[in-house]
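Residues per chain are reported as follows:
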Amino acid sequence: MPNNIKQQIQADLQQAKETGQLRTERIREIVKSAVSQVGSEFKQGSSELRSLVKDAVSAVIENFQEKGGELKDEVTASIEGALEGINSKRHESIAKTQTDIKRLQAQLDGEEEQLQQEVDVILAEIEETGKEKPASTKTAIDSAINSLKDSEEAGLLKKRYAQLQAQLAIVRANLAARYGGRNMEVQDYLDEAKHWYDKARPQAESMAVQVEQKRSQLEDKLGEAGTSLARKERQIKQTLRELLLTAADLFKDKEPANKERETIHK
């Protein structure tokens, strides 16, 4: 079978050409199918797999060599298909790991919420006890409790953590799309990015106009990426790159960040 992969791909390409279906998306699917079938016989990362990829790409180049230098789209589609084919098993493992991470994250969030509730109860009891104390003592207790309840440093840390998680999810979506991840895998990362973005998002009335415009751009890009993915458009990689750049620019939060740093130093 490995020796015949070039013949198999070329035969499938010829059949697609005869039926008028020989577009870049079809080339990618032909190569992906052939490589995934044969690649299952070899160990991940082996020299045999690397040779398989080279043979698959060569089959496409030979089929379209009459086009001369205008081969970029066909070669790109063949490489994408080959990568998807040899990495399909790994992406299944990555998807399972990501599911486990989400489960653990939900568990962690629940435990942190429970901890916060316990702290709130304790502070409320201390505050109630303080009502029986002298006015100066009560004022000191109330001030201490309020500073703990309304810790801006803690709020900033949570916001930054959510921003980093949102950016990380977008990075993972880019990597998955770039190296042969399934559409569902990419969509999961986009959903995760939106989840963390919503956590990092402050109330609209507290945002500067410039920051609000950037946030609107990020929301638009998130929606655009999901739509392109659902339609299986080839522009999804470009859209994801733009989304990553938009997120990086937004999360600089220049003006609000300066105010936050001023608060921390006070």
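Per an unreviewed UniProt entry, the recorded name for the chain is Histidine kinase, and the organism is Nostoc flagelliforme CCNUN1.

### Things to note about the packing of aromatic side chains
What the rule picks out here adds up to one aromatic pair. When the ring of Tyr161 is compared with that of Trp196, the centres are 5.5 Å apart and the planes differ by 85°; the resulting orientation is edge-to-face. Note that Tyr161 is positioned in helix α6 (residues 152-178) and Trp196 in helix α7 (residues 183-200), a separation of 35 residues in sequence. The positively charged end of Lys17 is found above the aromatic ring belonging to Phe64, 5.8 Å away from the centroid.

### Topic: the pattern of salt bridges
In total, this model carries 13 salt bridges according to the counting rule given. A salt bridge links Glu62 to Lys6; its shortest N-O distance comes to 2.9 Å. Residue Glu62 is located in helix α3 (residues 47-63), and its partner Lys6 is located in helix α1 (residues 5-18); the two are separated by 56 residues in the primary sequence. Across the pair Lys138 and Asp142 runs a salt bridge, and its minimum N-O distance is 2.8 Å. Of the two residues, Lys138 and Asp142 are both situated in helix α5 (residues 135-149); the distance of four residues between them amounts to about one turn of the helix. Several salt bridges share partner residues, and in doing so they unite Glu25, Arg28, Glu29, Lys32 and Glu84 into one network.

About the cut-offs
Residues numbered from 1 in each chain as written. Predicted model: local features only at pLDDT ≥ 70, side-chain atom pairs only at ≥ 80, totals over all residues. Heavy atoms only, no water. Phe/Tyr/Trp six-rings, centres within 6.5 Å; stacked < 30°, edge-to-face > 60°. Helix = DSSP H or I, 4+ residues; strand = E, 2+ residues; numbered from the N terminus. Lys NZ or Arg CZ within 6 Å of the ring centre and 35° of its normal. Salt bridge = Lys/Arg side-chain N within 4 Å of Asp/Glu carboxyl O.

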